[in-house]
Amino acid sequence: MAEADHKILSAEIKLGSQYYFYMETQTALAVPDEDNCIVVYSSIQAPEYAESTISRCLGIPEHNVCVITRRVGGGFGGKAMKAIPVATACALAAYNLRRPVRMYMNRKTDMKTTGGRHPMEVTYNVGFKEDGKITALHLDILINAGIGTDISPIIPLFMVGAIKKYDWGAFSFDIKVCRTNHSSKSAMRGPGEVQGTFISEAVIEHVASVLSMDVDSFNMCNKWRQRGISRVPIVHEVLLRSNPGKVSILGDGSVAVEVGGIELGQGLWTKVKQMTAFSLSAIKCDGMGDFLDKIRIIQANTLSLIQEGLTAGSTTSECSCEAVRICCNILVERLTRIKENLQEQMGSVEWGILILEVEVNLLTGQTTILQSDIIYDCGQSLNPAVDLGQIEGAFVQGIGFFMLEEYLSNSDGLVIPGGTWTYKIPTIETIPRQFNVEIMNSGHHKKRLLSSKASGEPPLLLAVLVHCATRAVIKEARKQLLRWKGLNESDSTFQLEVPATMSIVKKLQCLL
């Protein structure tokens, strides 16, 4: 900090929460079985965790508990830990009553109990030179974990990884995970990385603003509509976890496949099915035809396939596909030997970048995304159509976090919104008018599973650009107002809250 020509001291950033807003709320069905066993059908991202918790709660061995998950109607992290209490309560009632019990949360109850993304309060000190080079950055971060621990202790790890995408010079931080009277917060798509990306961009924007390093000539000619363009790099570290798989070839040639990954709507089953067909096609037998029709993915069952782990972190599809590929290679090796024996006996047997433009109505504060151009590196995509949907969906969900969704709590820590009447999620009016996404094939990656790259969470980080571009518009609007008043235009430093709703944008433009 001593080497800096300029310093910004005790600047503050506040980041709110975000609700998961999956289509299917928390639900479970528990059915007592013979031999003091119980079967639980749960909409959960981690059946193995539910099995362990139910076993301890009921005081029975884990082999007496079977958790089955066919699919999950949207998760985003909200069906990881938060689904366990629902499944356990349902199992407890069914076990004691000796009859089936089903539990289903309505939207209002779900919003009050599941928590969501971690709110944060950030104070930072940054030193920088006249040419814009940052020499030091110190962060004091308070993370609102709510009443329970959940996964909150690992959020700082993900945050720091995202913040380190820039060279800050002397970088230090003090991160505290705080227990509050709010509902317990949990992992949500890009946990920690989203907030870390925003913090780093907010600091960069603040430094650029002090040095007056950005200029937009378009806005000089328009009074009531302003535009902003911003470019932001992202760095997203993915963690690979072991994942089981089992491939069975039945007597009629059909194939049954089991994997540890849960289908959440992210296209995991589609990718696994394609990988199975591709790997087994090496056998080159007649009559295979459209092999995809002969493959079925079986629902997750904790007693059939153990150590399933957690479906999260954008890499479960790749890990599941790799497990299936290994299984198929073993089967192909065995079947090839059989084929050769038959021939002898019978003679012959046949990385992401985004450029974005927004327009803000200075009278209402409404932000319109005119165009977004995303180029996303999927490596060698296992399924471009599925990855395209993941990129678009993650980006739009990020728009909700940065621009729309106010997941507020009252003084008692109770969630205020009870549905879409008071909690605004992205709609068709929110997405860019011209939404361009290109998947770049960067070829073979020796250190990547199947040369594929994650597409579930990293694109969400790109949505920080919408906030940055809106901030650029507000900055120009404030300068314009200062020019009208004959005041100094350099005094235009401000903080734009998250989410940057219409009322906040309008207020910061000083036009109220």
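Residues numbered from 1 in each chain as written. Predicted model: local features only at pLDDT ≥ 70, side-chain atom pairs only at ≥ 80, totals over all residues. Heavy atoms only, no water.

When you go through the protein residue by residue, the secondary structure sums to 11 helices and 16 strands. Computed over the C-alpha atoms, the radius of gyration of the protein is 26 Å, within 12% of the 24 Å expected from 2.2 N^0.38 for a compact globule of 512 residues. Reported as C-alpha extents along the three principal axes, the dimensions of the protein are approximately 95 × 60 × 45 Å. Here the protein, with 512 residues, has 54% of them falling under the buried criterion. With the model as given, the accessible surface of the protein reaches about 23,300 Å², and the carbon-plus-sulfur share is 55%. The average position of the 51 basic charges and that of the 53 acidic charges among the side chains of the protein differ by 4 Å. (Helix = DSSP H or I, 4+ residues; strand = E, 2+ residues; numbered from the N terminus. Rg over C-alpha atoms; globule rule 2.2 N^0.38 Å. Buried < 20%, exposed > 50% of the residue type's maximum accessible area, 1.4 Å probe, protein only. Areas by Shrake-Rupley, 256 points an atom, 1.4 Å probe, with all protein chains shown as cover. Lys, Arg positive; Asp, Glu negative; His and termini not counted. Charge placed at Lys NZ, Arg CZ, Asp CG, Glu CD.)

To continue, consider a nonpolar patch on the surface. Residues Trp224, Leu363 and Trp484 make up a contiguous nonpolar surface patch of about 360 Å² in total accessible area. With respect to the helices, strands and loops of the structure, Leu363 is situated in the loop between strand 14 (353-361) and strand 15 (367-379). (Patch = residues over 30% accessible without salt bridge, like charges linked within 9 Å, V, L, I, M, F, W, Y side chains within 5 Å. Salt bridge = Lys/Arg side-chain N within 4 Å of Asp/Glu carboxyl O.)

Turning our attention to helix 8 (residues 384-404). Between its first and last C-alpha, helix 8 extends 29 Å over 21 residues, near the 30 Å set by a 1.5 Å rise per residue. Here helix 8 starts with a cap whose side-chain oxygen sits 3.1 Å from the backbone nitrogen of Ala385, and that cap is Asn383. (Expected span 1.5 Å × (residues − 1). Polar contact = N/O pair within 3.5 Å; in protein donor to acceptor, adjacent residues only side chain to side chain.)

Counting across every chain of the model gives nine salt bridges. Here Glu258 and Lys246 are joined by a salt bridge, their closest N and O atoms 3.1 Å apart. Here Glu258 is found in strand 11 (residues 255-259), whereas its partner Lys246 is found in strand 10 (residues 245-249), with 12 residues between them in sequence. On the basis of relative accessibility, which here comes to 32%, the residue Lys246 falls in the partly exposed class.

Most of helix 4 (residues 155-163) is tucked away, with seven of its nine residues classed as buried. Considered for burial, the residues of helix 4 that qualify are Ile155, Pro156, Phe158, Met159, Val160, Ala162 and Ile163. At its buried positions, helix 4 is contacted by strand 6 (120-128), strand 7 (134-146), strand 8 (170-179) and helix 5 (193-211). (Contact = heavy atoms within 4.5 Å.)

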